[in-house]
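# Secondary and tertiary structure notes
Residue strings, one per chain:
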Amino acid sequence: MKDFKSYLELFNFKKIKSDVKEPVNNPTQAKERKAKFKTRTLICLILLGICSVLTLVPFVGTVAGIVLFAPGIGAAFFGFMWFTAGKIEKQLRNLCCDKCGERIPYGEHVTVDVLRKREKVSSNANSNSRGDVHASAERREYTTVKITCQCQKCNAVKSFQKEFCTGIIKASGTNGNTHVTNNDRPLEERVKNYFNGIVEIGY
């Protein structure tokens, strides 16, 4: 019964809001937050499976089909937050001193060495019933760097590797009329944002 109550407490609106909005300051807190979202996701998936089975049962199926949306939306939302919390945990492990646990800020004690660059190109083309041809293409540049930083509290030095998206070019058009957008993403700005705790999703 105690475990049931603890699981039920995970779906308390105030606790969910707190876990979504409240910042985490170290890897341990991030790991705990990730575990909570993992549990919420798995519970929603179990409920989703139960509701899916119940839709096959006469009389109960209609109600189960309506209820199906709630755990489905919950699984998608909590799954996304679980993924995000995992990225935050990894980011904080890089940014916190291995010796004393202090969060290392961005500054002159941070050096960045470029190790390699790579490109990722994707394209798509389709036509409609009128014969119009719409085409789009995207080129992304990724830069892998070695970051070396020194803790300002205990002077311990650590280094890690990180890949950043440093440029996106998109082109799209219909029947040859092409529009191009260039989103330059300076490496220094990406590194600074990383140290400031900004988590980039989808790059």
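So, here is what we can say about the structure in this document. What you are looking at is a predicted structure, and each value in this text was computed from that prediction instead of being measured.

## So, the nonpolar core
Ranked by internal contacts, the top residues of the largest apolar core, which has 13 residues, are Ile104, Ile147, Cys149, Phe160, Phe164 and Phe195. Sequence-distant contacts of cysteine 149, that is, excluding residues within four places in its chain, are made with Ile104, His109, Val110, Ala156, Val157, Lys158, Phe160 and Phe195. By size, the runner-up hydrophobic cluster in this structure holds seven residues, among which are Phe37, Cys44, Ala75 and Phe78.

## Things to note about helix α5 (residues 69-95)
Given 3.6 residues to a turn, an α-helix orients residues that are three or four positions apart in the same direction. Taking 1.5 Å as the rise per residue, α5 with 27 residues should run 39 Å; its terminal C-alpha atoms sit 39 Å apart, in good agreement. For α5, the full list of buried residues reads Pro71, Gly74, Ala75, Phe78, Met81, Thr84, Ala85, Glu89, Gln91, Leu92, Asn94 and Leu95.

## Comments concerning the sheet that holds strand β3 (residues 157-174)
By definition, the strands of a sheet pair up through backbone hydrogen bonds, in either a parallel or an antiparallel sense. One open sheet holds the four strands; their spatial order is β1-β2-β3-β4, and the pairing between them is antiparallel. On the outer flanks of this sheet lie β1 (110-127) and β4 (177-184), each paired with one strand and no other. On average, each strand axis in the sheet is tilted by 15° relative to the strand beside it, whichever way the strands run. Here strand β2 (residues 133-150) pairs with β3 via 17 bridges, running antiparallel. Following the sheet pairing, isoleucine 147 is matched in β3 by phenylalanine 160. Against the sheet, helix α6 (residues 187-195) engages β1, β2 and β3, with an angle of about 125° to β3.

## Here's the deal with the layout of surface pockets
Approximately 390 Å³ is the volume attributed to the largest pocket. Only α5, β3 and α6 provide two or more residues apiece to the lining of the largest pocket. Looking at the lining of the largest pocket, the element that brings in the most residues is β3, giving five residues. In terms of residue class, the lining of the largest pocket is built from seven nonpolar, four polar and six charged. Among the elements of the structure, α2 (13-21), α3 (27-54) and α5 are those that each provide at least two residues to the lining of the second largest pocket. Classifying every residue of the lining of the second largest pocket by side-chain character gives 10 nonpolar, three polar and five charged.

## Considering the packing of aromatic side chains
With the rule as written, the count across this model stands at six aromatic pairs. Ring geometry for phenylalanine 160 and tyrosine 194: centres 6.2 Å apart, planes at 40°, overall tilted. Taken together, the residues span a long stretch of sequence, with phenylalanine 160 in strand β3 and tyrosine 194 in helix α6 at a distance of 34 residues. Classification of phenylalanine 160 as buried rests on a relative accessible area of 8%. A relative accessible area of 6% means that tyrosine 194 is categorised as buried. Ring geometry for phenylalanine 164 and tyrosine 194: centres 5.7 Å apart, planes at 90°, overall edge-to-face. In this pair, phenylalanine 164 is assigned in strand β3 and tyrosine 194 in helix α6, connecting sequence segments 30 residues apart. The two residues phenylalanine 164 and tyrosine 194 agree in class, both being buried.

## Quick look at the pairing of β4
Burial within β4 is sparse, with just zero of its eight residues counted as buried. One ladder, built from eight bridges, connects β3 with β4; its direction is antiparallel. Within β4, the residue paired with isoleucine 168 across the bridge is asparagine 183.

## A short note on a nonpolar patch on the surface
A surface patch of nonpolar side chains, about 340 Å² in accessible area, is lined by Ile46, Leu47, Ile50 and Leu54. Tracing the chain through its elements places isoleucine 50 in helix α3. For isoleucine 50, a relative accessible area of 44% gives the class partly exposed.

## Some points on the pattern of salt bridges
One pass over the full model with this rule turns up 14 salt bridges. With a closest N to O distance of 2.7 Å, glutamate 119 and arginine 139 form a salt bridge. Here glutamate 119, found in strand β1, pairs with arginine 139, found in strand β2; they are 20 residues apart in sequence, far enough to count as distant. Judged by its relative accessible area of 25%, arginine 139 is partly exposed. We note a salt bridge from lysine 170 to glutamate 138, for which the minimum N-O separation is 3.8 Å. Of this pair, lysine 170 sits in strand β3 while glutamate 138 sits in strand β2, and the two are 32 residues apart along the sequence. If you follow the salt bridges from partner to partner, you end up with Asp19, Arg33, Lys36 and Arg40 in one network.

Scoring rules and cut-offs
- Residues numbered from 1 in each chain as written.
- Predicted model: local features only at pLDDT ≥ 70, side-chain atom pairs only at ≥ 80, totals over all residues.
- Heavy atoms only, no water.
- Core = buried A, V, L, I, M, F, W, Y, C linked by side-chain atoms within 4.5 Å.
- Buried < 20%, exposed > 50% of the residue type's maximum accessible area, 1.4 Å probe, protein only.
- Contact = heavy atoms within 4.5 Å.
- Helix = DSSP H or I, 4+ residues; strand = E, 2+ residues; numbered from the N terminus.
- Expected span 1.5 Å × (residues − 1).
- Pairing = 2+ DSSP bridges.
- Axes fitted to C-alpha atoms, helices over the stretch in contact; angles between N-to-C directions.
- 1 Å grid on protein atoms, 1.4 Å probe; cavity = no way out; pocket = protein on both sides within 12 Å on 5 of 7 lines; lining within 4 Å.
- Points joined across faces, edges and corners; volume = space filled by probe spheres on them.
- Nonpolar A, V, L, I, M, F, W, Y, C, P; charged D, E, K, R; others polar.
- Phe/Tyr/Trp six-rings, centres within 6.5 Å; stacked < 30°, edge-to-face > 60°.
- Patch = residues over 30% accessible without salt bridge, like charges linked within 9 Å, V, L, I, M, F, W, Y side chains within 5 Å.
- Areas by Shrake-Rupley, 256 points an atom, 1.4 Å probe, with all protein chains shown as cover.
- Salt bridge = Lys/Arg side-chain N within 4 Å of Asp/Glu carboxyl O.

Shape descriptors only; they carry no functional weight alone.
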